[in-house]
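An overview of the molecular structure
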Amino acid sequence: MFYVADLNLKGKGPLARMWQACFSPGKISKKVIQTFNTIEGCEAILNPAEDMVYSLRLNSNLMFGLVRLHGMKVNLLDDNLKSAHDKITIRFNPNTTSVDLDMSRGARGKSES
């Protein structure tokens, strides 16, 4: 069987990201989550490098990390959609005052004119 010490699980490849998500999910940044390609992760698990056979334990850990990364990606998307929905409903609600959505003008979001 193939042991973890023989793999490069400290790099930036899909196997390393899945390993990190499996054992230390709190240390993964939003940028890593957004740039992670789920398809490449699946391909890395299904088609290992030449003359390599992953152990069942390693396979299960990598798949768990893949599922965890995908869940984080879905949660980020959900948060972004909720934020956009809230901004749109505030902007187009006729009962509220005018709100400027351009965050570069000020932290309060009110018009400075």
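First, a word on what this report is: a plain description of the structure on this page. All values reported here derive from a predicted model rather than from experimental measurement.

About the criteria used
Residues numbered from 1 in each chain as written. Predicted model: local features only at pLDDT ≥ 70, side-chain atom pairs only at ≥ 80, totals over all residues. Heavy atoms only, no water. Helix = DSSP H or I, 4+ residues; strand = E, 2+ residues; numbered from the N terminus. Buried < 20%, exposed > 50% of the residue type's maximum accessible area, 1.4 Å probe, protein only. Contact = heavy atoms within 4.5 Å. Areas by Shrake-Rupley, 256 points an atom, 1.4 Å probe, with all protein chains shown as cover. Arc of directions from axis to C-beta. Polar contact = N/O pair within 3.5 Å; in protein donor to acceptor, adjacent residues only side chain to side chain.

Topic: the overall build of the protein chain
- Scanning the protein chain from terminus to terminus reveals four helices and zero strands.
- Walking the protein chain from its N terminus toward its C terminus, one meets helices and strands in the order α-α-α-α.
- Looking at the protein chain as a whole, 27% of its 113 residues are labelled buried.
- For the protein chain, the proportion of contacts with a sequence separation of at least 24, taken over those separated by at least 6, is 60%.
- Accessible area of the protein chain: about 8500 Å², with a carbon and sulfur share of 57%.

Quick notes on helix α3 (residues 38-46)
- All of the buried residues along α3 are G41, A44 and I45. Buried residues along α3 cover an arc of 95° about the axis, so they all sit on one side. Every exposed residue of α3 that faces more than 90 degrees away from the buried side is listed here: I39 and L46.
- Where α3 is buried, its residues meet α1 (14-23) and α4 (56-92).
- A side-chain oxygen of the first residue of α3 lies 3.1 Å from the backbone nitrogen of I39; this N-cap is N37.

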